[in-house]
Amino acid sequence: VQLQASGGGLVQPGGSLRLSCAASGSILSIIAMGWHRQAPGKQRELVAAITSGGITNYADSVKGRFTISRDNAKNTVYLQMNSLKPEDTAVYYCNARRVGVPDNWGQGTLVTVSS
């Protein structure tokens, strides 16, 4: 599975961004996809995930502000980020989970929240 992430950039506090992660390859074997982030000097953390059945999971720090969704026709997962805060600044990575194999990861996309 190959993952192509896009949509990062510079945004002011309170603003919005939408990240996209397009999957290709053995996509029928994907059971879940997610977004993780890594801020400077910190460990990578889960932001949001969505299963093939549409069940979602969010980090407490983003609940009510971020929404993960998927477009099966486009094999793409989105992360809509609203009310962004400076502490959301990080490199965001998407991943795909399949049974019995290591997760696939896309390249990171940088999100900077700053005035």
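Residues numbered from 1 in each chain as written. Predicted model: local features only at pLDDT ≥ 70, side-chain atom pairs only at ≥ 80, totals over all residues. Heavy atoms only, no water.

*Asks:* Go over the overall build of the protein, please, and point to the residues and values.
*Replies:* Each helix and strand in the protein was counted, giving 0 helices and 11 strands. Shown N-terminal to C-terminal, the secondary structure of the protein runs as helices and strands in the order β-β-β-β-β-β-β-β-β-β-β. Against the 2.2 N^0.38 benchmark of 13 Å for 115 residues, the protein shows a C-alpha radius of gyration of 13 Å, consistent with a compact globule. Principal-axis analysis of the C-alpha atoms gives the protein an extent of 40 × 25 × 25 Å. Counting the 115 residues in the protein, one finds 41% classified as buried. Intrachain contacts of the protein at a sequence separation of at least 6 include 51% that bridge at least 24 residues. A total of about 6100 Å² of accessible surface is found on the protein, and carbon and sulfur atoms cover 50% of it. Seen as two clouds, the 11 positive and the 6 negative side-chain charges of the protein have centres 4 Å apart. (Helix = DSSP H or I, 4+ residues; strand = E, 2+ residues; numbered from the N terminus. Rg over C-alpha atoms; globule rule 2.2 N^0.38 Å. Buried < 20%, exposed > 50% of the residue type's maximum accessible area, 1.4 Å probe, protein only. Contact = heavy atoms within 4.5 Å. Areas by Shrake-Rupley, 256 points an atom, 1.4 Å probe, with all protein chains shown as cover. Lys, Arg positive; Asp, Glu negative; His and termini not counted. Charge placed at Lys NZ, Arg CZ, Asp CG, Glu CD.)

*Asks:* Residues and numbers for the environment of Pro40, please.
*Replies:* As for its position among the elements, Pro40 is in the loop between β4 (30-38) and β5 (45-51). For Pro40, a relative accessible area of 73% puts it in the exposed group. Considered as a pair, Pro40 and Thr56 are 16 residues apart in the sequence and their alpha carbons are 26 Å apart.

*Asks:* Tell me about the environment of Ala59, residues and numbers included.
*Replies:* You can see Ala59 is positioned in the loop between β6 (56-58) and β7 (66-71). On the accessibility criterion, Ala59 (18% relative accessible area) is buried. Considering only alpha carbons, one finds Ala59 and Thr89, 30 residues apart in sequence, at a separation of 15 Å. Ala59 has contacts with Leu46 and Val47, leaving out every residue within four places of it along the chain.

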